[in-house]
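# Per-entry structural report
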Amino acid sequence: MPTVVDRGLEGVVVGTTQLSNVEGAIGRLSYRGYDIDDLAPNATFEEIVHLLLYGTLPNRHQLEMLKRELGSCRALPEPLLAAMQNVPKTAWPMEVLRTIVSGLGLFSPVNAQGEHVSDVHTALELIAKVPTVVAAWDRIRRGLEPVAPRSDLSQAGNFLYMRTGKVPHAVEEDALDTYFVLLADHSYNASTFAARVAASTRADMYASVTAAMATLQGDLHGGAATAAFRTLTEVKTPENAEPYVREILERGKRIMGMGHREYKVRDPRAKHLETMAKELAEHVGGSDRRYQTAHAIEQASRKVLQEKKPGNAIYANVDFYTAPVLADLGIPGDEFTCLFACGRIAGWTGHILEQLADNRLIRPQATYEGPTAGPYVSIEQRSSNGQRG
Ligand code: COA
């Protein structure tokens, strides 16, 4: 039987998980059996962290304990903060985040075997510290001193506080909290899969999360929100949306923030983000009209894609309305992938723990398509292109 090569692993089932379920055909996402439509308006990110790491929604006492642990782990080791001061201010925030998160391993204690412990406490430490890195770099690159984290604020509230030094308005804190809830997990997406591959070799949690961070950065994955923000900035007003979309598609390019490998209907996270984008736009006011422009781009994309390929299944994904939401929270476009990581760190660490609990090395195969076997050619006998002369 001929070997089937599936370059993108589309539809290939490579493992199991109890963390989240993506039902692409009907547009449903659930975390441990709870529909995201139910969680987004009701649960906080801290509850989701408990759900993903411990398997259940927390009771009051458990939630208090979890918040206390997160609050006590937020500060970064001084040498890492000092290292960030020496990074060129032009560095891309995601590069800084990936590098400093890798560096966190250097300051974590090791067990009697000299290994880092990869347990739920390491997971909470990473969940607590990732936003601190993002906020610290945000200030350092603006020539400002980092603001020390506060232990009494939520993950979302503390992040916004560390950026500005001011406790955020409840509308802003709620919007970012819901964003983190929506981004917390998404089954075997590319970065989570990378984390599981690394963990399957028994690499520790710092290394596995670094692999996930590296995989998140591309614009076919976590970088798409930044790309969607660039689109918003170029389009500027709702009136420009349709001509812009037509031009992009004419040139054979893609509308960033549209389309998804799994969802063949609208991404279920998009509607919550759209609602938030609308609410935030009303809250911040101003003349930017980001929400209206985003909405017009989505409408125009659907219209033009339908014209070009009737029945096509390309809808807004999670990254599309992330752009107006994060922009209206005052977060610069090039930090959006880092914000994605602040939410997804909950899922990554949960998946790493799940992988380690029942581990099997993940090691696929490839069909060899290179030259057929031949003898070694001595350097004297090679022509200028390295072949036998
Ligand atoms: N804009 C325009 N056309 C798109 C498109 C988009 N955003 N996304 C997919 N398509 C088209 C492709 O051009 C292709 O058309 P063709 O069959 O005529 O060649 C078809 O839809 C299938 O695309 P393909 O890349 O094979 O699908 P995929 O399952 O690999 O795509 C993504 C998934 C996410 C990579 C793709 O939709 C994309 O590039 N989106 C933009 C980036 C993005 O938003 N990423 C974040 C994902 S959460």
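Quantities reported herein were computed from a predicted structural model and do not represent experimental measurements.

Cut-offs used in this document
- Residues numbered from 1 in each chain as written.
- Predicted model: local features only at pLDDT ≥ 70, side-chain atom pairs only at ≥ 80, totals over all residues.
- Heavy atoms only, no water.
- Helix = DSSP H or I, 4+ residues; strand = E, 2+ residues; numbered from the N terminus.
- Contact = heavy atoms within 4.5 Å.
- Buried < 20%, exposed > 50% of the residue type's maximum accessible area, 1.4 Å probe, protein only.
- Pairing = 2+ DSSP bridges.
- Near = heavy atom within 4 Å.
- Polar contact = N/O pair within 3.5 Å; in protein donor to acceptor, adjacent residues only side chain to side chain.
- Areas by Shrake-Rupley, 256 points an atom, 1.4 Å probe, with all protein chains shown as cover.
- Nonpolar A, V, L, I, M, F, W, Y, C, P; charged D, E, K, R; others polar.
- Domains from an automatic or database assignment.
- Salt bridge = Lys/Arg side-chain N within 4 Å of Asp/Glu carboxyl O.

This next bit is on the environment of Met258. Note on placement: Met258 falls in the loop between helix H12 (241-250) and helix H13 (268-284). With residues up to four places along the chain from it excluded, the contact list for Met258 reads Glu298, Ser301, Arg302, Ile314, Tyr315, Ala316, Asn317 and Phe320.

Within a regular strand, the side chains alternate between the two sheet faces. The side-chain alternation of strand E1 (residues 20-23) yields one buried face, formed by Ser20 and Val22, and one unburied face, formed by Asn21 and Glu23. Pairing between E1 and strand E2 (residues 28-31): four bridges, direction antiparallel. Looking at the pairing, Val22 lines up with Leu29 of E2. With antiparallel pairing between neighbouring strands as the criterion, E1 and E2 make up a hairpin whose turn holds four residues, including Gly27 at a positive phi of roughly 70 degrees.

Close to the ligand lie 17 residues, the nearest being Arg254, Ile255, Met258, Arg261 and Lys309. Between the ligand and the protein, one listed contact pairs an oxygen atom with a backbone N or O atom of Gly257 at 2.9 Å. Measuring from an oxygen atom of the ligand, one finds a side-chain N or O atom of Lys309 at 2.3 Å. Here the ligand has 860 Å² of accessible area as a free molecule, and 69% of this is covered by the chains. Across the shell around the ligand, the residue classes break down as seven nonpolar, five polar and five charged. Two domains share the shell around the ligand, each providing at least three of its residues, namely domain 1 (14-223 + 332-357) and domain 2 (240-327).

This part takes up the pattern of salt bridges. Applying the stated criterion to the full structure yields 20 salt bridges. Between Arg141 and Glu335 there is a salt bridge, with its nearest N and O atoms 2.9 Å apart. Here Arg141, found in the loop between helix H6 (120-140) and helix H7 (155-164), pairs with Glu335, found in the loop between helix H15 (318-328) and helix H16 (336-357); they are 194 residues apart in sequence, far enough to count as distant. Lys308 is the salt-bridge partner of Glu250, the closest N and O atoms lying 3.1 Å from each other. Separated by 58 residues along the polypeptide, Glu250 in helix H12 and Lys308 in helix H14 (residues 290-308) bring together distant segments of the chain. Note on Lys308: relative accessible area 43%, which makes it partly exposed. Connected through shared salt-bridge partners, Glu242, Arg246, Lys303 and Glu307 make up one network.

The values are spatial; any link to function lies outside them.
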